[in-house]
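Remarks on the overall topology
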Amino acid sequence: MKQDLPVTNVQLMLRACQSLKLYPAQHPTLQAQIAEWHRCLQQMLLGQSPLVLGVHQHTLFCNDFLFVDGLPSAESLCRLLENWQIGRLVIERGVQPVELGDFLVLLTGGQGHCELLDQRMKRAGIRHIRVEPEQEEKEGRARAVYQQAISVTESIINDVRIGRIPKSGDAIRTVRALVETTLAEPHALLALTLIKDYDDYTFTHSVNVSVIALAVGRACGLNEAELRTLGLGALLHDLGKLKIDIGIITKPGRLTSEEFARIRQHPEEGCAILRQMEHVPAEAMMMALGHHLRFDRSGYPESAATLPMPPSVDMVAIADTYDAMTTLRPYQQPMTPKKAIAHLLENAGSIYHPELVARFAEQVGPYPV
């Protein structure tokens, strides 16, 4: 879904809510605003039905679009939904302007629990709009899956550090849970990638890249099996860095030519580690090998530049760059999400896959830190 429709939808809805403070429900000005909102909804519902507007981690979302750029209308609507403890507002195809008007009267008429509002909506004969309570249980499950992924990643990293070949079973099971959560509640995991913990960067970066790559893959229509392969490759993409002296990895100043040459070896070393692990698909190995190859196939390792690379390699490259740019590192200040997205878009077609970056920017959105 493109950005302009969700933004317009929220602005029109909030404008009608605000007008209810000035005009009675049947006033022509208010009715005209509701009609305009209805036309916008009809356009959105043609592409996807139902339309879901909701709140996650105090951030408004509309289907797959997160409002994170401080849009005043989105923040006001977010507070209005939170006043009723609404987690999801679902609008179905066939909704009529009279239902929208009756719903707004109830929504702006006070605050309370979502179940109370739902009862009033049913009594008012509103059939194409429903409200659902905040989903704390699902958010809790997402947090548990995320923490489990960090724990599994830490175990794998520790194995590599001591020269042991990691077992793949836990990683495969964890990625399966990440994929299931991404498909069921896409915003629940994404919200957790926003919590940047510098001390645990080695572990959280791998998990964040997996979650963000899954979001890109979901936006591109990958099926569940394809998402599992993508998530596994993204989770394990950087294992080769563990073979490099930590002093080089965390060096705050400019790397020497020798140090950078050593850094450039980590994709091949990571691929070699995955090759020794059981049940790791070849595509996941290619993600480790190719995540520093640019879209124009410059970058490194040069030995892989002529190899055919699946689209998942470009997805991991986007996720890897985005999470790294928005995180405090010894050698850099973090970019804001907006600037990170701008960097990806500015370099689309040369460094990054243009279509995948566009889908990431439009459907996944720039996440707050």
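Residues numbered from 1 in each chain as written. Predicted model: local features only at pLDDT ≥ 70, side-chain atom pairs only at ≥ 80, totals over all residues. Heavy atoms only, no water.

This paragraph deals with the overall build of the chain. If you tally the helices and strands in the chain, you get 17 helices and five strands. Taken against the 2.2 N^0.38 rule, which gives 21 Å for 369 residues, the C-alpha radius of gyration of the chain at 23 Å falls within 12% of a compact globule. Across the 369 residues of the chain, 50% fall into the buried class. Pairs at least 24 apart in sequence give 70% of the contacts found in the chain among residues at least 6 apart. As displayed, the chain has an accessible area near 16,900 Å², and 50% of this comes from carbon and sulfur atoms. (Helix = DSSP H or I, 4+ residues; strand = E, 2+ residues; numbered from the N terminus. Rg over C-alpha atoms; globule rule 2.2 N^0.38 Å. Buried < 20%, exposed > 50% of the residue type's maximum accessible area, 1.4 Å probe, protein only. Contact = heavy atoms within 4.5 Å. Areas by Shrake-Rupley, 256 points an atom, 1.4 Å probe, with all protein chains shown as cover.)

This paragraph deals with the packing of aromatic side chains. Applying the stated criterion to the full structure yields three aromatic pairs. On the basis of an interplanar angle of 85° and a centroid distance of 5.0 Å, the ring pair of Phe65 and Phe67 is categorised as edge-to-face. The exposure class of Phe65 is buried, given its relative accessible area of 5%. You can call Phe67 buried: its relative accessible area is 10%. For the ring pair Phe260 and Tyr300, a centre distance of 6.1 Å and an interplane angle of 80° mean the geometry is edge-to-face. Placement of the pair is Phe260 in helix 12 (residues 257-263) and Tyr300 in the loop between helix 14 (282-290) and helix 15 (311-325), with a sequence separation of 40 residues. Assessed through its relative accessible area of 37%, Phe260 is described here as partly exposed. (Phe/Tyr/Trp six-rings, centres within 6.5 Å; stacked < 30°, edge-to-face > 60°.)

Another aspect to go through is the sheet that holds strand 2 (residues 59-62). To summarise the sheet geometry, strands pair through backbone hydrogen bonds and adopt either a parallel or an antiparallel arrangement. Reading across the sheet, the five strands line up as 3-2-1-4-5 and stay open at both edges, with antiparallel pairing between neighbours. Lying at the two open borders of the sheet, with one neighbouring strand each, are strand 3 (65-66) and strand 5 (129-133). For strand 1 (residues 51-56) and strand 2, the ladder comprises four bridges, and the chain directions are antiparallel. If you follow His56 over to strand 2, its bridge partner there is Thr59. Here helix 5 (residues 114-123) sits on the sheet in contact with strand 4 (86-91) and strand 5, set at roughly 165° to strand 5. (Pairing = 2+ DSSP bridges. Axes fitted to C-alpha atoms, helices over the stretch in contact; angles between N-to-C directions.)

You can see Gly247 is positioned in helix 11 (residues 246-249). The class of Gly247 is partly exposed, set by a relative accessible area of 38%. C-alpha of Gly247 to C-alpha of Glu259: the two residues are twelve residues apart in sequence and 9.9 Å apart in space.

Turning next to the environment of Leu41. You can see Leu41 is positioned in helix 2 (residues 28-47). A C-alpha to C-alpha distance of 29 Å links Leu41 and Ala342, two positions 301 residues apart in sequence.

A separate point is the nonpolar core. Leu236, Leu239, Leu274, Leu344 and Phe360 are the most contacted members of the largest nonpolar core, which has 64 residues in total. Among the nonpolar cores identified, the runner-up in size contains 41 residues, and Val7, Leu45, Val55 and Leu107 belong to it. (Core = buried A, V, L, I, M, F, W, Y, C linked by side-chain atoms within 4.5 Å.)

Moving on to the pattern of salt bridges. This structure, assessed with the given rule, holds 14 salt bridges. For Asp170, the salt bridge identified is with Arg173, shortest N-O distance 2.6 Å. Taken together, the positions of Asp170 and Arg173, both in helix 7 (residues 169-184) and three residues apart, correspond to about one turn of that helix. Between Asp314 and Arg297 there is a salt bridge; the shortest N-O distance is 3.5 Å. Pair noted here: Asp314 is in helix 15 and Arg297 is in the loop between helix 14 and helix 15, with a separation of 17 residues, a long-range link. (Salt bridge = Lys/Arg side-chain N within 4 Å of Asp/Glu carboxyl O.)

When the pLDDT values of the chain are averaged, the result is 88; 93% of them are 70 or greater. The element-level mean pLDDT for the chain is lowest in helix 8 (residues 186-192), coming to 75, with helix 14 highest at 97. (pLDDT = per-residue confidence, 0-100.)

Another aspect to go through is helix 10 (residues 224-235). The end-to-end C-alpha distance of helix 10 is 16 Å, a good match for the 16 Å that twelve residues give at a rise of 1.5 Å each. By the burial criterion, the buried members of helix 10 are Leu227, Thr229, Leu230, Gly231, Leu232, Gly233, Ala234 and Leu235. N-cap assignment for helix 10: the residue whose side-chain oxygen lies 3.2 Å from the backbone N of Ala225 is Asn223. (Expected span 1.5 Å × (residues − 1). Polar contact = N/O pair within 3.5 Å; in protein donor to acceptor, adjacent residues only side chain to side chain.)

Before going further, it helps to examine the side chain of Thr327. Position of Thr327 relative to the elements: it lies in the loop between helix 15 and helix 16 (337-346). At a separation of 2.6 Å, a polar atom in the side chain of Thr327 contacts the main-chain carbonyl oxygen of Asp323.

Contact geometry for helix 15 and helix 16: axes closest at 9 Å, N-to-C directions at 145°. Taken as a pair, helix 15 and helix 16 cross one another with a handedness that is right-handed. Packed against helix 15, whose contacting residues are Ile318, Thr321, Tyr322 and Met325, the element helix 16 presents Pro337, Ala340, Ile341, His343 and Leu344 at the interface. In terms of residue class, the contact of helix 15 with helix 16 is built from seven nonpolar, two polar and no charged. (Left-handed = near helix turned anticlockwise from the far one by under 90°. Nonpolar A, V, L, I, M, F, W, Y, C, P; charged D, E, K, R; others polar.)

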